[in-house]
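# Chains, contacts and geometry: an overview
Listed below are the residues making up each chain.
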Amino acid sequence: LNFVRFYLPLLTQEHEKVIYLDDDIIVLGDIQELYDTKLSRGHIAAFSDDCDLPSLRDIAMKIGIQNSLMGFLDYRKKSIQKLGISPSTCSFNPGVFVANMTEWRQQHITKKLEKWMKKNVEENLYSSTVGGGVATPPMLIVFHDKYSPITPNWHIRHLGWSPDDQISESVLSDAKLLHWNGRYKPWQIPSSHSKLWERWFIPDPTGKFQIHKL
């Protein structure tokens, strides 16, 4: 399911614009605002740049979160060098994005993502320090210079990178979307900001699925 986001145009034929959200997220604002994110002409999607909020940059430096392409791509490999993308280029987080399905199809994004997945199997192109799994690096390559920004408070992330509280109350108070990316999920122990998760988490109304603290 980590790669479902690569195939969005196959999953929805009737919608021009879609929002993708990871499952470790709580939406606090009116999601119509996120949907209304402006995409520049020729851009396929909008992502949160990992350098968008100074407070999140500070956290990234403190606990070692990768926030540049150097942390995701192996620049010793010729295939990566040939891209001509600086290793210091800020990465983005693909756990939340707004995408234009027409541009996606016209620019053959799914095929390009598959190409880089195949090349990685053949050449091992991703950095050994990668913090975003195997779905993030191909997206960083394919969407380079083809994405618009998401308003920063619509993606407050890194809540799952440390079991200790890291995000300041001032940032959390303005947050419209919270993302527990990282290994410490709010339904596990230990975790950070779990009270926020418990406050806003909506259980399955059918009662079929339940979350149990591990």
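Keep in mind that this is a model prediction, so the values were computed, not measured.

### Side note on a nonpolar patch on the surface
- On the surface, a nonpolar cluster with roughly 190 Å² of combined accessible area is contributed by Leu21, Val27 and Ile31.
- With respect to the helices and strands, the residue Val27 is situated in strand β2 (residues 25-27).
- Owing to a relative accessible area of 31%, Val27 belongs among the partly exposed residues under this scheme.

### Comments concerning the packing of aromatic side chains
- Scanning all chains against the criterion turns up twelve aromatic pairs.
- Between Trp104 and Phe143, the aromatic rings sit 5.6 Å apart at their centres with planes inclined by 65°, giving edge-to-face as the arrangement. Of this pair, Trp104 sits in helix α5 (residues 101-106) while Phe143 is found in the loop between α7 (136-142) and β5 (147-149), placing the two residues 39 residues apart along the sequence. This pair shows no difference in class: Trp104 is buried, exactly as Phe143 is.
- Grouped by ring-pair contacts, the aromatic residues Tyr20, Phe47, Phe92, Phe97, Trp104, Phe143 and Tyr147 constitute a single cluster.
- Here Lys17 stacks its cationic end above the ring of Tyr35, 5.2 Å away from the centre of that ring.
- For the cation-ring pair, Lys119 lies above Trp116, with the distance from its terminal atom to the ring centre recorded as 5.6 Å.

### Here's the deal with the nonpolar core
- Among the nonpolar cores identified, the biggest contains 31 residues, and Phe47, Leu73, Phe97, Trp104, Met139 and Phe143 are the most heavily contacted of them.
- Taken together, the elements giving at least two residues each to this core come down to β1 (17-21), β3 (45-49), β4 (92-100), α5, α6 (109-123) and α7.
- Excluding residues that lie within four positions of it along the chain, Phe47 makes contacts with Phe92, Asn93, Pro94, Val96, Phe97, Met139, Phe143, Tyr147, Ser148, Pro149 and Ile150.
- Val171, Leu172, Leu178 and Trp197 belong to the second largest nonpolar core, which has eleven residues in total.

### Focus on the environment of Gly84
- Turning to its location among the elements, Gly84 is positioned in the loop between α4 (78-81) and β4.
- For Gly84, a relative accessible area of 65% gives the class exposed.
- Sequence separation of Gly84 and Asn120 is 36 residues, and the distance between their C-alpha atoms is 18 Å.

### Overview of the side chain of Ser191
- Considering the arrangement of structural elements, one finds Ser191 in the loop between β6 (177-179) and α9 (194-200).
- Among the residues examined, Ser191 registers a relative accessible area of 14% and is labelled buried.
- Among the polar contacts listed, one links the side chain of Ser191 to the backbone oxygen of Gln188, at a separation of 3.2 Å.

### Section: the sheet that holds β1
- Pairing is mixed in the open sheet, where four strands are placed in the order β1-β4-β3-β5. A strand with exactly one partner marks an edge of an open sheet, and here the two such strands are β1 and β5. Strand-to-strand twist across the sheet, computed as the mean angle between neighbouring axes with direction ignored, equals 30°.
- Sheet topology note: the β3/β4 ladder contains four bridges and is antiparallel. Directly across from Ala46, in β4, lies its bridge partner Val98.

Conventions and cut-offs
Residues numbered from 1 in each chain as written. Predicted model: local features only at pLDDT ≥ 70, side-chain atom pairs only at ≥ 80, totals over all residues. Heavy atoms only, no water. Patch = residues over 30% accessible without salt bridge, like charges linked within 9 Å, V, L, I, M, F, W, Y side chains within 5 Å. Areas by Shrake-Rupley, 256 points an atom, 1.4 Å probe, with all protein chains shown as cover. Salt bridge = Lys/Arg side-chain N within 4 Å of Asp/Glu carboxyl O. Helix = DSSP H or I, 4+ residues; strand = E, 2+ residues; numbered from the N terminus. Buried < 20%, exposed > 50% of the residue type's maximum accessible area, 1.4 Å probe, protein only. Phe/Tyr/Trp six-rings, centres within 6.5 Å; stacked < 30°, edge-to-face > 60°. Lys NZ or Arg CZ within 6 Å of the ring centre and 35° of its normal. Core = buried A, V, L, I, M, F, W, Y, C linked by side-chain atoms within 4.5 Å. Contact = heavy atoms within 4.5 Å. Polar contact = N/O pair within 3.5 Å; in protein donor to acceptor, adjacent residues only side chain to side chain. Pairing = 2+ DSSP bridges. Axes fitted to C-alpha atoms, helices over the stretch in contact; angles between N-to-C directions.

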